[in-house]
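Each chain is listed here by its residues.
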Protein chains: 2
Amino acid sequence: MKAKAREIADSPLEWLDGTGEYSDIILSSRVRLARNLKGHAFPWRAGKEELESCAEKVGSIIRSEDFLRSFRLFEIDALEPLAKGVLIEKHLISPALAKGGPGRGAAVDSRGIVSIMVNEEDHIRIQAILGGMRLHEASRIARQVDGPLEALDYAFDSRCGYLTSCPTNVGTGLRASVMIHLPALTHLGRMGKLAFGCGKVGLTVRGLFGEGSDSPGALYQVSNQVTLGQTEDELVEKVSSAALGLVKQEQAARGKILSGKGIDLEDKVWRAWALLGFSRVMEAREALELLSLVRMGSGMGILPYVRVGTMNALLLDTQKAHIQARATGELSVEDLAAKRSAILREALASGEKGS
Amino acid sequence: MKAKAREIADSPLEWLDGTGEYSDIILSSRVRLARNLKGHAFPWRAGKEELESCAEKVGSIIRSEDFLRSFRLFEIDALEPLAKGVLIEKHLISPALAKGGPGRGAAVDSRGIVSIMVNEEDHIRIQAILGGMRLHEASRIARQVDGPLEALDYAFDSRCGYLTSCPTNVGTGLRASVMIHLPALTHLGRMGKLAFGCGKVGLTVRGLFGEGSDSPGALYQVSNQVTLGQTEDELVEKVSSAALGLVKQEQAARGKILSGKGIDLEDKVWRAWALLGFSRVMEAREALELLSLVRMGSGMGILPYVRVGTMNALLLDTQKAHIQARATGELSVEDLAAKRSAILREALASGEKGS
């Protein structure tokens, strides 16, 4: 059982490599498609047999289609809780799907780019995640996966488009989002206003951890609010250009902060660097905040260069399920904080040179 | 003018070397003798001429006596404020003396062990400071300096002993004190009780910075309350043995903390080490607190070894007047904090190895 969680934790998640454009600021680009099977009740009101029947239909396509055959299939109820935790931390399944039940499943490709959730809010949710600013490519990949599944006869209305369990997803069923790191804009208190501006053009800016306009670690998700009334490409382009605008504003804000009280910023990022490199116990929230400062400081050339891929990986590797999955025994709360600290020290490799 | 403050800042202060016994915990041992000249009003009620006459008498002995001739004489009113600030930070003169006025002066030996204040609260105050647990030796040195000055005909009563401006100093006029570092006892909340216990046997335990029973940096001064009714040697022995008792209790407390939640302590001292080694701006109070943790961590073998002398020197070198005295221009508050940080980084030499 344990081996499984660890194996999932260790399996690739391609966006972490940090190779896409603007990957220092835009961590990932994600496109999600919501699809349902014609003639079947939506999962929330479907019974056991119907859910299992839908799962079987989706599974049979995945198992037979050349392009999808390499995907790994998970039956949620067959997973130990730790394995589900790891999948959630990787954003390959949602906490809602992890609750399990009849016909609940997921399929993940070997590179950790595509995941298909079965019988979550909709019968099928396809998502593709890539590193950096690559929404158009993510959209192409998601639609490529959608192709063979379409053989299942989707619930589709010629006027409305794809029918979904929640009205906000009716239409293209597409949600495009980027995970973006905006520490300077957050520091200058600009996020409230920017989020408001995005709202007026049909985009949502949400803290990645929590719903406020200021987010721990200054990580935000920018996405389209509605999926109706515009084409897939228009929606993707809208989110892309808004995200690029935020990148430019973040860069300008960093320049502004540096030219002002530069030493206070330097102090802040060096202190973050120091604490990550030398502490012996660290909570997840603190790690997130410090990594955010190090990401910015490294990007601004204040700190020693840290690979974007290293910082991305640490966002996952310091989370609870990932740490536990790689440990040999059951970790106490204290063990967990100590292990997290050790992972950070080792990865940033600044520690203990004095000893 | 500037050169003078710098020269005073750079002149030796022997106790900083940290060579005495228990010098990791007992920073310094100090003995002070209060003396007054017969037939002269105490300084607080003496006029200009009388103060100058007393100063002249003391000065003539210092200038003529073989043993004292090498002492450097300072006329307080002739010193620039920065030079006075440096002398105060070195505890060679008191803030009260630094206010200046007629006949106010000081004499300091070339090794920074002995200082003689003239016309402070008493006509003459002789102090000798040594590193580590060396009160008996400090007492011998103070009395050795006292010898030739006694030719001035001290105000002395055969029943009471030496007469002094403040009744608490009447008798031997001797105050013995140690500066002691008790972070583990402070951490365990034991200082209030210990201070109370010391009070019952005629000793005072005071925070070195502030009057509370918990002191910033966990630095305390232990001294005798009264100088009457016991011999010099008895007073010195009493303070010595109390200080040694505190050393043993501190050592036991450190062991206790380590055997309990050791990793939290390790974390705390490593974080202090990290911040001292990497920050870019630091206030005096934070530096004091972090140095306290590093002193303890180094003493306990948790951190890389730091020379006691290095840590002692940093207590002075990071203070305002010392930093300004060694700077080339007038430092702003921000400059001061940045310079303090740079001094700490350089001295602890853990910094920037990653860059």
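It should be emphasised that the depicted structure is a prediction, and the values quoted were computed from it without experimental measurement.

## Some words on the pattern of salt bridges
Pairing is possible between side chains that carry opposite charge, provided their charged atoms lie close to one another.
Residues and elements named next belong to chain A.
And step 1. Using the criterion set out here, one finds 38 salt bridges over all chains in the structure.
And step 2. Among the ionic pairs, Glu 121 bridges to Arg 125, the shortest N-O distance being 3.2 Å.
And step 3. By relative accessible area, which is 33% here, Glu 121 ends up partly exposed.
And step 4. Owing to a relative accessible area of 11%, Arg 125 belongs among the buried residues under this scheme.
And step 5. When the shortest N-O distance is used, the salt bridge between Arg 271 and Asp 267 registers 3.0 Å. Placement of both Arg 271 and Asp 267 in helix H9 (residues 262-278) is noted, with a separation of four residues, approximately one turn of the helix. Residues Arg 271 and Asp 267 agree in their burial class; the two are buried.

## Some remarks on the relation of the copies chain A and chain B
And step 1. Rotating chain A by 180° about the axis while translating it 0.1 Å along that axis superimposes it on chain B, leaving an RMSD of 0.0 Å. Taken together, these values place the two copies in the relation of a two-fold axis. When C-alpha distances to the rotation axis are compared across chain A, the minimum falls at A:Ala274, with a value of 2.5 Å.
And step 2. Interface overlap between copies is the fraction of interface residues in one copy that are interface residues in the other; for chain A against chain B it reaches 100%, indicating a shared surface.

## Describing the side chain of A:Ser240
And step 1. For A:Ser240, the location among the structural elements is in helix H8 (residues 232-259).
And step 2. Here A:Ser240 is in contact with A:Met133, A:Leu135 and A:His136, once residues within four sequence places are set aside.

## Focus on the packing of H9(A) against helix H13 (residues 333-348) of chain A
The geometry of a pair of packed helices is captured by two quantities: the angle between their axes and the separation between those axes.
All names here are of chain A.
And step 1. Where H9 meets H13, the axes come as close as 6 Å, and the angle between the chain directions of the two elements is 115°. Our classification of the angle between H9 and H13 gives roughly perpendicular. Side by side, H9 and H13 meet where Trp 273, Leu 276, Gly 277 and Phe 278 of the first sit next to Leu 344, Arg 345 and Leu 348 of the second.
And step 2. Its residues assigned to classes, the contact of H9 with H13 comprises five nonpolar, one polar and one charged.

## Some remarks on the sheet that holds strand S8 (residues 174-181) of chain B
Across a sheet, strands are paired by hydrogen bonds formed along the backbone, either parallel or antiparallel in direction.
Residue and element names in this part refer to chain B.
And step 1. In spatial order, the strands read S2-S3-S4-S5-S1-S8-S10-S9; together these eight strands make up an open sheet with antiparallel pairing. Looking at the sheet topology across the chains shown, the edges are occupied by strand S2 (72-75) and strand S9 (203-207). Ignoring strand direction, the axes of neighbouring strands in this sheet form an average angle of 20°.
And step 2. Bridging between strand S3 (residues 105-108) and strand S4 (residues 114-118) involves four bridges; their strand directions are antiparallel. Each bridged residue has a counterpart across the sheet, and for Gly 105 the counterpart in S4 is Val 118.
And step 3. In the packing of helix H8 (residues 232-259) onto the sheet, the strands contacted are strand S1 (26-35), S8, S9 and strand S10 (219-224), and the crossing angle to S8 comes to about 10°.

## So, the nonpolar core
When a protein is soluble and globular, its nonpolar side chains tend to lie buried together.
And step 1. Counting residues in hydrophobic clusters, the biggest one holds 219 residues, and the most contacted among them are A:Ile116, A:Leu149, A:Ile180, B:Ile116, B:Leu149 and B:Ile180.
And step 2. With residues up to four places along the chain from it excluded, the contact list for A:Ile116 reads A:Ile62, A:Phe71, A:Gly105, A:Ala106, A:Ala107, A:Ile124, A:Arg125, A:Ile126, A:Val145 and A:Leu149.

## With respect to helix H10 (residues 284-299) of chain B
Residues and elements named next belong to chain B.
And step 1. The first and last C-alpha atoms of H10 sit 22 Å apart over 16 residues, in line with the 22 Å expected at 1.5 Å per residue.
And step 2. Listed as buried for H10 are Ala 287, Leu 288, Leu 290, Leu 291, Ser 292, Leu 293, Val 294, Arg 295, Met 296, Gly 297 and Ser 298.
And step 3. Phi turns positive, to about 80°, at Gly 301, one or two residues after H10.

## With respect to the packing of aromatic side chains
And step 1. Per the stated rule, a full pass over the model turns up seven aromatic pairs over all chains.
And step 2. Here the aromatic rings of A:Phe278 and B:Trp270 are separated by 5.9 Å at their centres, their planes lie at 20°, and the arrangement is stacked. Of this pair, A:Phe278 sits in helix H9 while B:Trp270 sits in helix H9 (residues 262-278), each in a different chain.
And step 3. For A:Phe278, a relative accessible area of 1% puts it in the buried group.
And step 4. Overall, B:Trp270 belongs to the buried group, its relative accessible area being 4%.
And step 5. Measuring from ring centre to ring centre gives 5.6 Å for A:Phe278 and B:Phe278, while their planes differ by 45°; the resulting arrangement is tilted. Of this pair, A:Phe278 sits in helix H9 while B:Phe278 sits in helix H9, placing the two residues on different chains. Neither A:Phe278 nor B:Phe278 differs from the other in exposure class; each is buried.
And step 6. A network of ring pairs unites the aromatic residues A:Trp270, A:Phe278, B:Trp270 and B:Phe278 as a single cluster.
And step 7. The aromatic ring of A:Tyr162 is capped on one face by A:Arg35, whose charged end is 3.5 Å from the ring centroid.

Criteria and thresholds
Residues numbered from 1 in each chain as written. Chains lettered and ligands numbered in written order. Predicted model: local features only at pLDDT ≥ 70, side-chain atom pairs only at ≥ 80, totals over all residues. Heavy atoms only, no water. Salt bridge = Lys/Arg side-chain N within 4 Å of Asp/Glu carboxyl O. Buried < 20%, exposed > 50% of the residue type's maximum accessible area, 1.4 Å probe, protein only. Helix = DSSP H or I, 4+ residues; strand = E, 2+ residues; numbered from the N terminus. Least-squares fit on C-alpha atoms with pLDDT ≥ 70 in both. Contact = heavy atoms within 4.5 Å. Axes fitted to C-alpha atoms, helices over the stretch in contact; angles between N-to-C directions. Parallel < 35°, antiparallel > 145°, perpendicular 65-115°, else oblique. Nonpolar A, V, L, I, M, F, W, Y, C, P; charged D, E, K, R; others polar. Pairing = 2+ DSSP bridges. Core = buried A, V, L, I, M, F, W, Y, C linked by side-chain atoms within 4.5 Å. Expected span 1.5 Å × (residues − 1). Phe/Tyr/Trp six-rings, centres within 6.5 Å; stacked < 30°, edge-to-face > 60°. Lys NZ or Arg CZ within 6 Å of the ring centre and 35° of its normal.

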